[in-house]
Protein chains: 2
Amino acid sequence: MDKDIFMELLQAREYKAVRSILNVMNSVDIASLLSKLKDKELALAFRLIAKEKAADVFSEMDGSMQAYLVEIFTEMELREILDALYMDDTVDMLEELPANLVTRILSNVSPEKRDKINILLNYPEDSTGSIMTTEYVGLARYATVSQAMAHIKKTGIHKETIYTCYILEARRLIGIVSAKDLMTMDDDMTMERLMETEIISVHTHTDKEEAARLFSRYGLLALPVLDDGERMVGIVTVDDALDVMVDEATEDITKMAAMNPSEKPYFETSVFQHARNRIPWLLVLMLSATLTGTIITKYEAAFETLPLLVAFIPMLMDTGGNCGSQSSTLVIRGIALDEIHFQDIFRVMFKEFRISLLIGIVLAAANGLRVYVMYGQSDMALVIALSLVVTIVIAKLIGCVLPLLAKQVQLDPAIMASPLITTLVDTCSIIVYFNIASRIFHLG
Amino acid sequence: MDKDIFMELLQAREYKAVRSILNVMNSVDIASLLSKLKDKELALAFRLIAKEKAADVFSEMDGSMQAYLVEIFTEMELREILDALYMDDTVDMLEELPANLVTRILSNVSPEKRDKINILLNYPEDSTGSIMTTEYVGLARYATVSQAMAHIKKTGIHKETIYTCYILEARRLIGIVSAKDLMTMDDDMTMERLMETEIISVHTHTDKEEAARLFSRYGLLALPVLDDGERMVGIVTVDDALDVMVDEATEDITKMAAMNPSEKPYFETSVFQHARNRIPWLLVLMLSATLTGTIITKYEAAFETLPLLVAFIPMLMDTGGNCGSQSSTLVIRGIALDEIHFQDIFRVMFKEFRISLLIGIVLAAANGLRVYVMYGQSDMALVIALSLVVTIVIAKLIGCVLPLLAKQVQLDPAIMASPLITTLVDTCSIIVYFNIASRIFHLG
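Throughout what follows, the structure given in this document is the object of discussion.

Rules used throughout
Residues numbered from 1 in each chain as written. Chains lettered and ligands numbered in written order. Predicted model: local features only at pLDDT ≥ 70, side-chain atom pairs only at ≥ 80, totals over all residues. Heavy atoms only, no water. Helix = DSSP H or I, 4+ residues; strand = E, 2+ residues; numbered from the N terminus. Rg over C-alpha atoms; globule rule 2.2 N^0.38 Å. Buried < 20%, exposed > 50% of the residue type's maximum accessible area, 1.4 Å probe, protein only. Areas by Shrake-Rupley, 256 points an atom, 1.4 Å probe, with all protein chains shown as cover. Contact = heavy atoms within 4.5 Å. Buried area = accessible area lost by both parts, 1.4 Å probe. Salt bridge = Lys/Arg side-chain N within 4 Å of Asp/Glu carboxyl O. Polar contact = N/O pair within 3.5 Å; in protein donor to acceptor, adjacent residues only side chain to side chain. Nonpolar A, V, L, I, M, F, W, Y, C, P; charged D, E, K, R; others polar. Arc of directions from axis to C-beta.

Attention now goes to the overall build of chain A. Along chain A, the regular secondary structure elements total 22 helices and six strands. For chain A, the C-alpha radius of gyration of 30 Å lies well beyond 22 Å, the compact-globule estimate for 444 residues. Based on the C-alpha atoms only, the size of chain A along its principal axes is roughly 90 × 60 × 35 Å. Residues counted as buried form 57% of the 444 residues belonging to chain A. When the accessible surface of chain A is summed, it comes to about 19,200 Å², and 55% of that surface belongs to carbon and sulfur atoms.

Below, the structure written as structure tokens:
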């Protein structure tokens, strides 16, 4: 839908047309269209959305739009929206709202719902508890297929998903039945006979990234969440797991480029916030690069005698940095995908060692040849070739080991990515280079 | 399940125990357990899996295990597995198998299925057609809920998902009904009244990454796929979309670290293949770093007069590189998530310009001060501070512009990431640095 046409209709008070447009649009697209409107138009347009769709659209909006609407809603409007919102969407919204609006909302829900909301709000941000919802279909062990179907027909509309049903006994999860089974099996079969008992579940305190990985490993649509007493308290649905995976990949990529991750998309983050996210790491890295500089001054005598030595510093530093970040990137991603673990450290090192020898020889040959042809100095060619091989081996070993060590001491492996590796490798490559040069040219 | 215990039971011919274990295990976990066995044991263990589970386990195996099993299967075993496999899993397998086994399989399926397989095999690797399946539930416009349920009961078991049903007329998709609607609505309601007509669909040639993005944007469970004549030919399910998202993120991350992406996980890729994936970019980058080196030699006179100048080269190069890769990373990710487009280029540049000024001032102040305190030279402090600000502004502009330009000329923006940006920025920072130094110190 074109924003300008929509605005014109709205300003011309063609409410019937606007309503028809909103009726045929998808909730996600409506939310994105409304995000381009000014506050007053937003309120007007939102009130033209059909009631059964309004909560859906509301849950797709970003925090600032929700805050504005909550503020201007009448008590009745607010209660209608709150009744229709799923628990996880309600909690997501509350986490973004200012305190006075949170109070307003909590005073408009039933005491029972308020208690549930408060529990969900208390889960740590990274935990599965923070993304789960409490609306799921629970069934009894001896219910038949037709009883189960009748139960779903009565209550299902308020559940976030009805495609996975949970068989409970004394609040403990004893089995899982899919809607597919219910729809294709005989009416009088009991849940006990139908249910799968190989249950994949997580706890409220499980890392949400870990929960998301289970969706991709097992191709799940929903995942049951248990509390510490092994009682079932909620589910995570696949759409939320997908969001977690996308967000986590973004977070990793951002950290790997030496930035603190931003909560919001690029354009919604202010210039000041962008600068704040980027400066700390730059300062740290600048400091360690300074170390490299200080080391260079130690070899002043060498490059005063042989100024050509300076010309190869960028190439050595860059190649070392690139080699190191290749290895660290693969290891960081392998850790994130649960393919590489700390106990694999020697296997990884041995593999990277062999890879780095192969790469080192190829690059050393290419570069040695180039130096020999360009400058006609076989000594210099030898220095460059040797330095390259040693630097590449060191770079790859540092690159693969650091992320694994970080993981082991509970740090995020993603911070051990190219920027940090690059500065570390720089120091090594300079030391290697000048030492080799000093020996071969009998300097200082 | 512990591999060793499983092996012992297998070798002791405790087939009953093995069968029981396989009965309670999840197909994904069985496939992963079996991947640790030797060929002969694999065949033995696979034949102990219950028939209704075998195809599931088979579809979770990697290519080499599937190839081995297809080779040793009897005609009957092969046909049983092929009948139970979904179309997309069959095609995935065929793409990995050697030609003689492909022939064996194609001669074991019905001519009708063979035609379908051949069509699916012909879709380009990156297209939605290559990940779709042809097994979905199609319903007629005037079918009632109870007719629809009866149809699903009869045919649903062979469909990859029955949770989204497609209302077709002359093979054209006219609406969508969810299983949730079927299960909660009155028996005599027709599909025409129930169906949603705001349909989100893709074409067979749509990029599969684009299709995956629609799942995350709209929270879909399945996505219908149309051919060029707008006829419905298949669906993509959310589990396959999840795999695409994970693979694409891995591919982007790998490319951003200057490597050709690998088809297989880290440990399954050979040392030689790893080296082959990494060497080409290293050579390219080495070449461009050589340029920086050549430029340095032009300023030989400068650093012969003032050797201290060399000490700051690593810090300037690293900081410039890091600043540039921060910007390029955010832009590359923004493009991948469809948040930043080419027409935003000036908005991005203006934003990065302001950010880089802020960062430049902070880093210049910190470093200028440090140089002044350490060396007591205000001139040198000024040179460093000025060079830093200019380098950071240039780095951030190069970093944000190149990925957008790459996207515009149909290149993958991910190749414009830190390694390439770093080498480009290096050259700029050296030129900036020595020019500023020459002026302030009145050198050469």
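More follows now that the structure is in view.
Residue-level contacts link 114 residues of chain A with 115 residues of chain B. Together, the buried faces of chain A and chain B total about 10,000 Å²; carbon and sulfur atoms form 70% of this surface. The largest contributions to the chain A side of the interface with chain B come from Met183, Tyr266 and Phe267 of chain A, which together make up 8% of the buried area. At the boundary of chain A and chain B, one finds eight salt bridges. Between Glu352 of chain B and Arg278 of chain A there is a salt bridge, with the nearest N and O atoms lying 2.9 Å from each other. The tally of links between chain A and chain B comes to 36 residue pairs in polar contact (both at pLDDT 80 or more). At 16 residues, the largest contribution of residues to the side of chain A that touches chain B is made by helix α16 (residues 271–298) of chain A. Partitioned by chemical class, the residues of the side of chain A that touches chain B number 62 nonpolar, 27 polar and 25 charged.

Tracing the backbone shows Pro124 of chain B in the loop between α10 (111–121) and β1 (137–139). Pro124 of chain B sits 253 residues away from Gln377 of chain B along the chain, and the two C-alpha atoms are 63 Å apart.

Moving on, we come to helix α10 (residues 111–121) of chain A. All names here are of chain A. Regarding α10, the residues found buried are Lys113, Ile117 and Leu120. All buried residues of α10 lie within an arc of 60° about the axis, which places them on one face of the element. α10 presents Pro111 and Glu112 as exposed residues on the side facing more than 90 degrees away from its buried surface. Against the buried residues of α10 lie α7 (75–84), α8 (87–96) and α9 (99–106).

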